[in-house]
Amino acid sequence: MDILAPTTILDGLRTRLLGQHIVLYETIGSTNAVAKTLAQQGAAEGTMVIAEGQTAGRGRLGRSWLAPRGTSLLFSLIFRPDLPIRRAQGLTMICGLAIREAIREVTGLPAQLKWPNDVMLRGRKAGGILTEVSSHGEDLDYAVVGIGLNVNLPVNALPAEFRATSISHELGHAVSRVGLLQVALRHVEQRYSALQDGKWPVKDWAAALQTLGQRVELHTEQGIWQGLATAVDAEGALLLRLDSGQLKRVLVGDIVPQGEAKQHR
Ligand code: BT5
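Residues numbered from 1 in each chain as written. Predicted model: local features only at pLDDT ≥ 70, side-chain atom pairs only at ≥ 80, totals over all residues. Heavy atoms only, no water.

A word on the environment of arginine 69
The residue arginine 69 is located in the loop between β2 (48-54) and β3 (72-79) in this model. C-alpha separation for the pair arginine 69 and glutamate 26, spaced 43 residues apart in sequence, amounts to 8.4 Å. With near-sequence residues (within four places) excluded, arginine 69 lies in contact with Glu26, Thr27, Glu52 and Gly53. (Helix = DSSP H or I, 4+ residues; strand = E, 2+ residues; numbered from the N terminus. Contact = heavy atoms within 4.5 Å.)

Take a look at the structure:
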């Protein structure tokens, strides 16, 4: 098992901003919760909170993120972007794209993304992204993007109904979490600086989504719909063509390939 330590992470990191200030825990409730507190207290953009284990790792909509200690990358980044709040999904997009690129670069595995926030390997979930924001009126004050990635994790350590996988499971051997993290942070930084220069990532994101063009079942708090996932709009909402022909726009939900719906939750 490789050990996460600020000195080894900083050694060869080669970013200007991201991860230059590291707050590391052996075990913490949730790195997102800590990062939000630090952001409220004025922590610098690029600050990274990272942990070997979490006791209250969170997903979206009150769900949990599970990761046996020492097996995963569990980290949260603080951003202070010049963006309206309705564009916050752009941060989820760039981080998803960067993680996908890092996995491809370091392992050669053809990682994909799944709308809205999953990192996928061979059709199974290997990682998730949780973006939490604080705003001043229409504008973002700060955003915390939390990333959980199953790196060196035996798949049977997680409940079967998660339909999860990990990098080591797909590769057949362990990889260096520090090396993967460094590459990921470099890619996030490149994409973040493009975003700050006004390059909106939705086109790249849509191209990386395995979801588009599939018939899916979409679960939302308002109900369940079936249809064809046709596109995403600029804000990252999914456009679903219902069987009735109506086009439905959804910002928050979970999408499951048809036939797998019952195993999902
Ligand atoms: C997510 O939520 O996928 C976002 C997960 C973000 C976790 C990171 S870890 C570092 C940072 N600090 C935090 O506290 N959180 C972030 P969602 O789309 O709601 O998916 C959650 C669902 O994924 C759960 O209900 C399970 O079904 C499944 N799940 C939980 N742990 C998993 C794992 N290790 N691998 C694959 N699936 C998992």
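Some words on the packing of aromatic side chains
Tallied over the entire structure, the rule returns one aromatic pair. Taken together, a centroid distance of 4.8 Å and an interplanar angle of 55 degrees make the contact between phenylalanine 79 and tyrosine 192 tilted. Taken together, the residues phenylalanine 79 in strand β3 and tyrosine 192 in helix α5 (residues 177-196) connect sequence positions 113 residues apart. The exposure class assigned to phenylalanine 79 is buried, which follows from its relative accessible area of 0%. Over the ring of tryptophan 200 we find arginine 87; its NZ or CZ atom is 4.4 Å from the centre of that ring. For the cation-ring pair, lysine 248 lies above tryptophan 225, with the distance from its terminal atom to the ring centre recorded as 4.2 Å. (Phe/Tyr/Trp six-rings, centres within 6.5 Å; stacked < 30°, edge-to-face > 60°. Buried < 20%, exposed > 50% of the residue type's maximum accessible area, 1.4 Å probe, protein only. Lys NZ or Arg CZ within 6 Å of the ring centre and 35° of its normal.)

Overview of helix α3 (residues 89-107)
In this model α3 runs 27 Å from its N-terminal to its C-terminal C-alpha over 19 residues, within 8% of the 27 Å that 1.5 Å per residue would give. Extensive coverage of α3 is indicated by the burial of 15 of its 19 residues. Phi for glycine 108, located one or two positions after α3, is positive at around 80 degrees. (Expected span 1.5 Å × (residues − 1).)

Description of the side chain of histidine 219
Among the structural elements, histidine 219 can be located in strand β8 (residues 215-220). Within the structure, histidine 219 has its side chain in polar contact with the side chain of glutamate 217 (distance 3.2 Å). (Polar contact = N/O pair within 3.5 Å; in protein donor to acceptor, adjacent residues only side chain to side chain.)

Examining the pairing of strand β9 (residues 223-232)
With six bridges connecting them, β8 and β9 associate as antiparallel partners. Bridge pairing links valine 216 to glycine 227 in β9. Between the antiparallel neighbours β8 and β9 lie two residues. Here β9 runs beside strand β10 (residues 238-242); their pairing, made up of five bridges, is antiparallel. (Pairing = 2+ DSSP bridges.)

Points about the layout of surface pockets
Considered as a void within the structure, the largest pocket measures approximately 820 Å³ in volume. Going through the elements one at a time, α2 (31-40), β3, β5 (118-121), β6 (124-136), β7 (139-150) and β12 (254-257) are the ones with two or more residues in the lining of the largest pocket. When residues of the lining of the largest pocket are assigned to their parent elements, the largest contribution, five residues, is made by β6. When its residues are assigned to classes, the lining of the largest pocket shows 13 nonpolar, 16 polar and 12 charged. Two domains each provide a minimum of three residues to the lining of the largest pocket, namely domain 1 (6-208) and domain 2 (215-257). In this structure, the second largest pocket occupies an estimated 410 Å³ of space. Around the second largest pocket sit 16 residues that line it, and Arg60, Gln89, Thr131, Leu251 and Val252 are the ones nearest its centre. Mapped onto the lining of the second largest pocket, the elements with two or more residues apiece are α3 and β6. It is β6 that contributes the most residues to the lining of the second largest pocket, four residues altogether. (1 Å grid on protein atoms, 1.4 Å probe; cavity = no way out; pocket = protein on both sides within 12 Å on 5 of 7 lines; lining within 4 Å. Points joined across faces, edges and corners; volume = space filled by probe spheres on them. Nonpolar A, V, L, I, M, F, W, Y, C, P; charged D, E, K, R; others polar. Domains from an automatic or database assignment.)

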